[in-house]
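# A structural walkthrough
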Amino acid sequence: MALLEMNHIRKSFNDLEVIKDISLKVDEGEVLSIIGPSGSGKSTMLRCATMLETIDAGEIRYLGERTAWVEADGRKVYPKAADLRRVCSCFGLVFQNFNLFPHFSVLRNITDPMIHNQKRDRQEAEKEAMALLERMGLETKADAYPCQLSGGQAQRLAIARALALNPKILFFDEPTSALDPELTGEVLKVIRSLADLHIAMVIVTHEMNFARGISDHVIFMEKGVIEVEGTPDEVFEAEHARMQSFLGKLEH
Amino acid sequence: MSFQVMMQQLLGGLSKSMGIFALTLVFALPLGLVVAFGRMSRNRVIRSIAWIFISILRGTPLMLQLLAVYFGPYYLFNIRIGSAWRFTAIIIAFSVNYSAYFAEIYRSGIESMPPGQYEAARILGYTKSGTFFRIIFPQVVKRILPSVTNEVITLVKDTSLAFSLAYAEMFTIAKQIAAKETSFMPFIAAAVFYYVFNAVVAFIMERFEKALNYYT
């Protein structure tokens, strides 16, 4: 059974159709990368999957359970607040601009959702959070505040915060787009190191080598449709003119 | 009248001014938040009611509102109003009036919050109220504190408007003594008291701001 299934998704903003009938599926432990030019609908797809945007057509299933769909008459069916929280608890999301909580310390950014939303014991939560910080190389920053972190450290904290809630899928929305090349490297390294946790990951990225190296499956999107998909080798070697020109442009 | 007696009377008035000040804050700060929610409600009727509420309270003099609340029960329902009602009327008028100003301050602060904070909170499993009280509101407080300080300082001086209902706060007393003694001294003394009161308020608010300076 797939962890996540998105079937025949459509999404428009006003008159602009950003996603045109896209389907995708993520299995347990699978790493899926979504690449493509800006404005191709990659991030919107991720925001639909995480239910930050509502879909205009199609259905979303988590663990086989239909969680959001659009009826034939166009009525959107989304879960009520409590159900939505239950569904959301199976995934995490790492934002392009981190969205850390500035008024919480580094440690509390991780523990507050654990204690407050998952009703975990404080001491246990703090212990686990410290282990995560260590994993991210942030153990000395536990008492610092987000404004004192570099971009790379902030993004690593955001990843730790997402991991702390034990998601089955972790979504990354251009996690390195706000970072310079050096900081990008350290964040990508951390994401690579998550492979041994066997968490499924869906990564929207412009880092082609990274996507090629880490993914089980790659999707190339353009103008709201999937143009090419398959294993990294299949996609990157595909003789698809638009994609090759996209990849070629990146090399400059 | 000796200087000492005058001071004693003014200080008695000052304690009443402080009473109005403190009670107004106690009621107006939470009430303002409720009004702000109404102003930002998705329900158009609630939104309009809150808008009209704010518009009237900001658009008419506080002194007139004091008179309206005090004499309202008599003119509208022919209820006899006693002296016990006077203080209650003052607190109601001040609280309602200031809640309108606070509501707009809260609203500006809440609307200035980046949507990413709400999105992150939602993904991390915060409930709607958890998101507001744990994530959004603490950051809003930091953002609006300078505007709140302004309003609070204005309130200290506005307590003198209670003289329009002949309530024995400091300004009313100063005016009485000044008339009786044909002296300007009581006004000067009152001015000094208001100034010191405000200096203390400003100092406390500054401390609050500093306490929240631990993040940007």
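As the structure is a computational prediction, the values presented were derived from the model and not from experiment.

## Things to note about the overall build of chain A
For chain A, the count of helices and strands is nine helices and eleven strands. On C-alpha atoms alone, chain A measures out to a radius of gyration of 18 Å, which is about the 18 Å that the 2.2 N^0.38 rule sets for 252 residues. Counting only C-alpha atoms and orienting by the principal axes, one finds that chain A spans roughly 50 × 45 × 35 Å. Scored against the burial criterion, the 252 residues of chain A give a buried share of 43%. Looking at chain A alone, contacts between residues at least 24 apart form 63% of all its contacts between residues at least 6 apart.

## Description of the pairing of strand β2 (residues 16-26) of chain A
All names here are of chain A. Pairing of strand β1 (residues 4-13) with β2, which is carried by eight bridges, proceeds in the antiparallel orientation. When the bridges of β2 are listed, L4 appears paired with V26. What sits between the antiparallel neighbours β1 and β2 is a turn of two residues, in which N14 has the positive phi angle 55°.

## Looking at the sheet that holds β1 of chain A
Residues and elements named next belong to chain A. Ordered in space as β2-β1-β4-β5-β6, the five strands form an open sheet in which the pairing is antiparallel. Both outer strands of the open sheet, β2 and β6 (76-77), are each paired with one neighbouring strand and no more. Relative to strand β5 (residues 65-70), strand β4 (residues 57-62) is paired through four bridges, and the arrangement is antiparallel. Looking at the pairing, I60 lines up with A68 of β5. Of the strands in this sheet, β1, β2 and β4 are in contact with helix α1 (residues 42-49), which crosses β1 at around 120°.

## Some thoughts on the environment of I226 of chain A
Residues and elements named next belong to chain A. Structurally, I226 is set in strand β11 (residues 225-230). Given 20 C-beta atoms within 10 Å, I226 falls into the buried group. Considering only alpha carbons, one finds I226 and A178, 48 residues apart in sequence, at a separation of 25 Å. Residues in contact with I226, not counting those within four places in the same chain, are I22, I219 and M221.

## Here we look at the confidence of the model for chain B
For chain B, per-residue confidence averages 93 on the pLDDT scale, and residues scoring 70 or more make up 100% of the total. Averaged pLDDT values for the elements of chain B fall to 89 in helix α7 (residues 170-181) of chain B and rise to 97 in helix α2 (residues 44-59) of chain B.

## Structural notes on the sheet that holds strand β8 (residues 169-173) of chain A
Residues and elements named next belong to chain A. Spatial strand order, β7-β8-β9-β3-β10-β11: six strands in an open sheet with mixed pairing. Two strands lie at the open edges of the sheet, namely β7 (91-94) and β11, each paired on one side alone. When strand polarity is set aside, the average angle formed by the axes of neighbouring strands in this sheet is 15°. Sheet topology note: the strand β3 (residues 31-35)/strand β9 (residues 200-204) ladder contains four bridges and is parallel. Within β9, the position partnered with L32 by the bridge is V202.

## Quick notes on the interface of chain A and chain B
Of the residues lining the interface, 22 residues belong to chain A; the matching set on chain B comes to 17 residues. Breaking the side of chain A that touches chain B down by element, the ones donating at least two residues are α2 (81-88), β7 and α3 (106-117) of chain A.

## A few points about the environment of R161 of chain A
With respect to the secondary-structure elements, R161 of chain A resides in helix α5 (residues 151-163). Those residues in contact with R161 of chain A, other than ones at most four positions away along the chain, are N109 and I110 of chain A.

## Points about the pairing of β11 of chain A
Residues and elements named next belong to chain A. Bridge count between strand β10 (residues 217-222) and β11: five bridges; the pairing is antiparallel. Bridge pairing links E222 to V225 in β11. The hairpin turn running from β10 into β11, its antiparallel successor, is two residues long, and K223 in that turn takes a positive phi close to 50°.

## A few points about the nonpolar core
Among the nonpolar cores identified, the biggest contains 82 residues, and V94, A158, A160, I169, F171 and V202 of chain A are the most heavily contacted of them. Ranked by residues supplied to this core, first place goes to α5 of chain A with seven residues. Setting aside residues up to four positions removed in sequence, V202 of chain A forms contacts with V26, L32, I34, L46, I169 and F171 of chain A. Judged by nonpolar contacts, the second largest core, of 41 residues, contains L14, Y101, I173 and A190 of chain B.

## Here we look at helix α4 (residues 122-135) of chain A
Residues and elements named next belong to chain A. The terminal C-alpha atoms of α4, which comprises 14 residues, lie 20 Å apart, in line with the 20 Å expected from a rise of 1.5 Å per residue. What α4 keeps buried is the set A125, A129, L132 and L133. Looking straight down α4, one finds that the buried residues subtend no more than 100° of arc, so they occupy a single side. Projecting away from the buried face of α4 at angles above 90 degrees are the exposed residues Q123, E124 and K127. In the core, the buried residues of α4 are packed alongside α3 and α5. A positive phi of about 70° marks G137, the residue just after α4.

## Quick look at the packing of α5 of chain A against helix α6 (residues 181-193) of chain A
All names here are of chain A. Closest axis-to-axis distance for the α5/α6 pair is 8 Å, and the angle between their directions is 20°. As the angle between them shows, α5 and α6 are arranged roughly parallel. Where α5 crosses over α6, the two elements pack in a sense that is right-handed. Side by side, α5 and α6 meet where G151, G152, Q155, R156 and I159 of the first sit next to L183, E186, V187 and V190 of the second. Counted by class, the contact of α5 with α6 contains four nonpolar, three polar and two charged residues.

The rules behind the values
- Residues numbered from 1 in each chain as written.
- Chains lettered and ligands numbered in written order.
- Predicted model: local features only at pLDDT ≥ 70, side-chain atom pairs only at ≥ 80, totals over all residues.
- Helix = DSSP H or I, 4+ residues; strand = E, 2+ residues; numbered from the N terminus.
- Rg over C-alpha atoms; globule rule 2.2 N^0.38 Å.
- Buried ≥ 20, exposed ≤ 12 C-beta atoms within 10 Å, placed from the backbone.
- Contact = placed C-beta atoms within 7 Å.
- Pairing = 2+ DSSP bridges.
- Axes fitted to C-alpha atoms, helices over the stretch in contact; angles between N-to-C directions.
- pLDDT = per-residue confidence, 0-100.
- Core = buried A, V, L, I, M, F, W, Y, C linked by C-beta atoms within 7 Å.
- Expected span 1.5 Å × (residues − 1).
- Arc of directions from axis to C-beta.
- Parallel < 35°, antiparallel > 145°, perpendicular 65-115°, else oblique.
- Left-handed = near helix turned anticlockwise from the far one by under 90°.
- Nonpolar A, V, L, I, M, F, W, Y, C, P; charged D, E, K, R; others polar.

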